[in-house]
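A look at the structure
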Amino acid sequence: INAEYMGQFVGDITGSVPMGFATDSSGEYPHDFDGRMRDLRIWKVARTEAQIDSLMSFSLHRPYPNLLVNWVMDDDAQLTDHSGNNHHGTLLESPSLAAGPVVFPIADALSFTETAFAFIKPHADLHFGAACHFTVECWLDIGASWSTDQPLLGTKAWPPGSSQPRAKSAVGWMIYAHPDGAHWAVNISDGVRRADAMGGLVSDSRWHHICVTFNRAQHMVLY
């Protein structure tokens, strides 16, 4: 466990914006993410550490209980959801295929430059309201250090720099590369109350499995 936040209850995080991938949800701000991703999954449950460990090194190409979204990311033509729920995304600015994590026998991953990103249309399945527990996980290789707060996946506008206090209080959630140039982090807010936590080091040009579980009544945990 890299970090754990215990704090105030965060209420309804439902918004009407699309989900942004390697960008914020508006697509209006610079897409500074430069790295590779593989097997990004969203579960409609706060998974345990044992459950996370049991599947993190396997690609899932079929429906699975409580699995809302499963983007394997081994295709640079489209962002295909293998969960059976058809939450396919649109790839923009030509991300390319690159070598994936060595834990997979034969694996490609999506490589994003500073301009490539994706959008996923809003859907009721992905609206977690005030009480729905959920988990987000993926394999990530960012590479060298960075100097801005790079959005990785989330449902809120995320302007960099001086506008961050406003962004962090906006409704929704965001997983992002922390502006310290070394760690990943998470923000969630209902528009009034918010919670923030920092994860582990990811700036060493190696693949990392990152995961955050949201137990809406208690805490969020970063692995």
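First, a word on what this report is: a plain description of the structure on this page. (Residues numbered from 1 in each chain as written. Predicted model: local features only at pLDDT ≥ 70, side-chain atom pairs only at ≥ 80, totals over all residues. Heavy atoms only, no water.)

Here we take up the pairing of strand S14 (residues 208–215). Counted residue by residue, S14 has eight buried out of eight residues, so it is predominantly covered. Pairing geometry for strand S9 (residues 134–141) and S14, over seven bridges, is antiparallel. Of the residues in S14, the one forming a bridge with Cys-138 is Ile-210. Both S14 and strand S15 (residues 219–222) contribute to a ladder of four bridges, which runs antiparallel. Looking at the pairing, Asn-215 lines up with His-219 of S15. Counting the residues that bridge the hairpin from S14 to S15 gives three residues. (Buried < 20%, exposed > 50% of the residue type's maximum accessible area, 1.4 Å probe, protein only. Helix = DSSP H or I, 4+ residues; strand = E, 2+ residues; numbered from the N terminus. Pairing = 2+ DSSP bridges.)

What follows covers the environment of Asp-81. Along the polypeptide, Asp-81 turns up in the loop between strand S4 (67–71) and strand S5 (90–92). When the C-alpha positions of Asp-81 and Leu-40 are compared, they lie 9.6 Å apart, and in sequence the two are 41 residues distant. Residue contacts for Asp-81: discarding those within four places in its chain leaves Leu-68, Val-69, Asn-70, Trp-71, Asn-86, His-87 and His-88. (Contact = heavy atoms within 4.5 Å.)

Here we take up the pattern of salt bridges. A side chain of one charge can pair with a side chain of the opposite charge if their charged atoms are brought near each other. Going through the model one piece at a time under the given rule, you end up with five salt bridges. Salt-bridge contacts for Arg-36 lead to Asp-141; the nearest nitrogen and oxygen are separated by 2.3 Å. Highlighted residues: Arg-36 in strand S3 (residues 35–43) and Asp-141 in strand S9, separated in sequence by 105 residues. For Asp-141, a relative accessible area of 7% translates into the label buried. One salt bridge connects Asp-190 with Arg-193, and the closest N-O pair in it is separated by 2.9 Å. Residue classification places Asp-190 among the buried residues on the basis of a relative accessible area of 13%. What makes Arg-193 partly exposed here is its relative accessible area of 31%. The network of salt bridges with shared partners includes Arg-38, Asp-39 and Arg-41. (Salt bridge = Lys/Arg side-chain N within 4 Å of Asp/Glu carboxyl O.)

Attention now moves to the pairing of strand S11 (residues 172–177). With six of six residues buried, S11 lies mostly within the body of the structure. A two-sided burial pattern is seen for S11, the buried positions comprising Gly-172, Met-174 and Tyr-176 on one face and Trp-173, Ile-175 and Ala-177 on the other. Sheet analysis places strand S10 (residues 150–154) next to S11, joined by four bridges and oriented antiparallel. Pairing of Gly-154 across the sheet is with Met-174, part of S11. Two elements, S11 and strand S12 (residues 183–189), share six bridges in a ladder whose sense is antiparallel. Along S12, the bridge assignment pairs Gly-172 with Ser-189. Joining the antiparallel neighbours S11 and S12 is a turn of five residues, in which Gly-181 adopts a positive phi near 80°.

What follows concerns the sheet that holds S11. An order of S5-S8-S2-S10-S11-S12-S13 is seen for the seven strands of this open sheet, with the pairing classed as antiparallel. Edge positions in the open sheet fall to S5 and strand S13 (194–201), since each of these has one partner strand only. Here the average twist between neighbouring strands, direction ignored, is 25°. (Axes fitted to C-alpha atoms, helices over the stretch in contact; angles between N-to-C directions.)

To continue, consider unusual backbone geometry. Residue Glu-93 is not a glycine yet carries a positive backbone phi of 60°. Along the chain, Glu-93 turns up in the loop between S5 and strand S6 (96–99). Here Glu-93 falls in the exposed class, since its relative accessible area comes to 52%. With a phi close to 60°, Ser-205 is a non-glycine residue in the positive phi region.

Take Leu-68: it is sitting in strand S4. When the C-alpha positions of Leu-68 and Lys-44 are compared, they lie 6.3 Å apart, and in sequence the two are 24 residues distant. Not counting residues within four places of it along the chain, the set of residues in contact with Leu-68 comprises Ile-42, Trp-43, Lys-44, Asp-81, Ser-83, Asn-85, His-87, Asp-125, Leu-126 and Phe-128.

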